[in-house]
Amino acid sequence: MSAELKSADITLIQRILPHRYPFLLVDKVVDIDGTNSARGIKNVTMNEPHFQGHFPGTPIMPGVTLVEAMGQTAGVMIGVGGDLVDREALIYFMSIDKCKFRRKVVPGDVVELEIKTLRGKPGGKMWRFAGRALVEGEVAAEAEIAAMLDLK
């Protein structure tokens, strides 16, 4: 790890990602080590729109939103580590591999989203990440994500 880890609050996240409510799925990103690794934080609350239908009476955060939150965390990491703040960069999923769901995520949980770069470098277009979503240290989901960076 580098000597100086960075972080991104919600204001900085919105300067990097184009996502907005209800699809902005990361509240802050901490421990950003350049473009090598980062840890996102998602506070799960009952007022999120997907809980109206998934599942009524037994609210469970959809697995696909956990994977999206991993992708958004990776995007913030690349934005901070690659100096892309206010550059209108878009990062698109190219593939999602080795995806597993291990436990339910429910309102009141705090999800930690661990991201590590497997392939990619600042200035590059193609990236590959390993991601894990954890609740209280227990793995809720994991996946390998390939993405393409598009600068306008």
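Each residue is numbered by its place in its chain's sequence as written, counting from 1. Where local features are concerned, this predicted model is filtered to residues with pLDDT of at least 70; where side-chain atom pairs are given and counted, the filter is 80 or more; whole-chain, interface and lining totals use all residues. Hydrogens and waters are ignored; side-chain quantities use all the structure's heavy atoms.

Draft legend 1. Summary view of the overall build of the protein. When its secondary structure is counted, the protein shows 2 helices and 7 strands. Two things to know: the radius of gyration comes from C-alpha atoms, and the globule rule equals 2.2 Å times the number of residues to the power 0.38. For 152 residues, the compact-globule estimate of 2.2 N^0.38 gives 15 Å, and the C-alpha radius of gyration of the protein, at 15 Å, lies within 12% of that figure. The classification of residues rests on relative accessible area computed with a 1.4 Å probe and restricted to protein chains. Under 20% of the type maximum is buried, over 50% is exposed, and intermediate values are partly exposed. With 152 residues in all, the protein has 43% of them scored as buried. Using the Shrake-Rupley algorithm and a 1.4 Å probe, accessible areas are obtained, with residue cover drawn only from the displayed protein chains. Summed over all atoms, the accessible surface of the protein reaches about 8100 Å², with 52% contributed by carbon and sulfur. The charge count treats Lys and Arg as positive and Asp and Glu as negative. His and the chain ends do not count. Where a charge lies is defined by one atom per residue type, namely NZ (Lys), CZ (Arg), CG (Asp) and CD (Glu). Treating the 19 positive side-chain charges of the protein as one cloud and the 19 negative ones as another, the clouds have centres 5 Å apart. Numbering of helices and strands runs from the N terminus; a helix is a DSSP stretch of H or I covering at least four residues, while a strand is a stretch of E covering at least two.

Draft legend 2. Spotlight on the pattern of salt bridges. Throughout this description, the term salt bridge denotes a Lys or Arg side-chain nitrogen within 4 Å of a carboxyl oxygen of Asp or Glu. Inspection of the entire model under this criterion finds 11 salt bridges. With a closest N to O distance of 2.5 Å, Arg15 and Asp86 form a salt bridge. Highlighted residues: Arg15 in helix H1 (residues 10–16) and Asp86 in the loop between helix H2 (63–81) and strand E4 (89–101), separated in sequence by 71 residues. The partly exposed category is assigned to Arg15, whose relative accessible area is 40%. Residue Arg132 is joined to Glu114 by a salt bridge in which the shortest nitrogen-to-oxygen separation is 3.0 Å.

Draft legend 3. Quick peek at the side chain of Thr73. Position of Thr73 relative to the elements: it lies in helix H2. In this structure, Thr73 is in contact with Val26, Val29, Arg39, Gly40, Leu113 and Ile115, ignoring residues within four places of it in sequence. Contacts are residue-level and defined by heavy atoms, with any inter-residue pair within 4.5 Å sufficient.

Draft legend 4. Representation of the environment of Leu25 in the model. Relative to the assigned elements, Leu25 resides in the loop between H1 and strand E2 (28–33). Taking the C-alpha atoms as reference, Leu25 lies 8.3 Å from Leu66; in sequence the two are 41 residues apart. Apart from the residues within four sequence positions on either side, Leu25 is in contact with Lys42, Thr65, Glu68, Ala69 and Gln72.

Draft legend 5. Broad picture of a nonpolar patch on the surface. There is a patch of nonpolar side chains on the surface, built from Tyr92, Met94 and Met126 and spanning about 300 Å² of accessible area. Topologically, Tyr92 is positioned in strand E4. Note on patches: the residues involved have over 30% relative accessible area and no salt bridge, like charges join within 9 Å, and the nonpolar side chains Val, Leu, Ile, Met, Phe, Trp and Tyr join within 5 Å.

Draft legend 6. Structural view of the sheet that holds E2. Taken together, the 7 strands give an open sheet; going across it, the order is E1-E2-E3-E5-E6-E7-E4, and neighbouring strands pair in antiparallel fashion. The open sheet has two edge strands, strand E1 (6–8) and E4, and neither has a second partner. Strand-to-strand, the axes of this sheet are offset by a mean angle of 25°, without reference to chain direction. Strand pairing is defined by DSSP finding a minimum of two bridges between the two strands. In this sheet, E2 lies alongside E1 in antiparallel orientation, the contact comprising 2 bridges. The partner of Lys6 across the bridge, within E2, is Ile32. Axis geometry follows a simple rule: fit a line to the C-alpha atoms, using only the stretch in contact for helices, then measure angles between N-to-C directions, giving values from 0 to 180 degrees.

So yeah, pure geometry; function would need other evidence.
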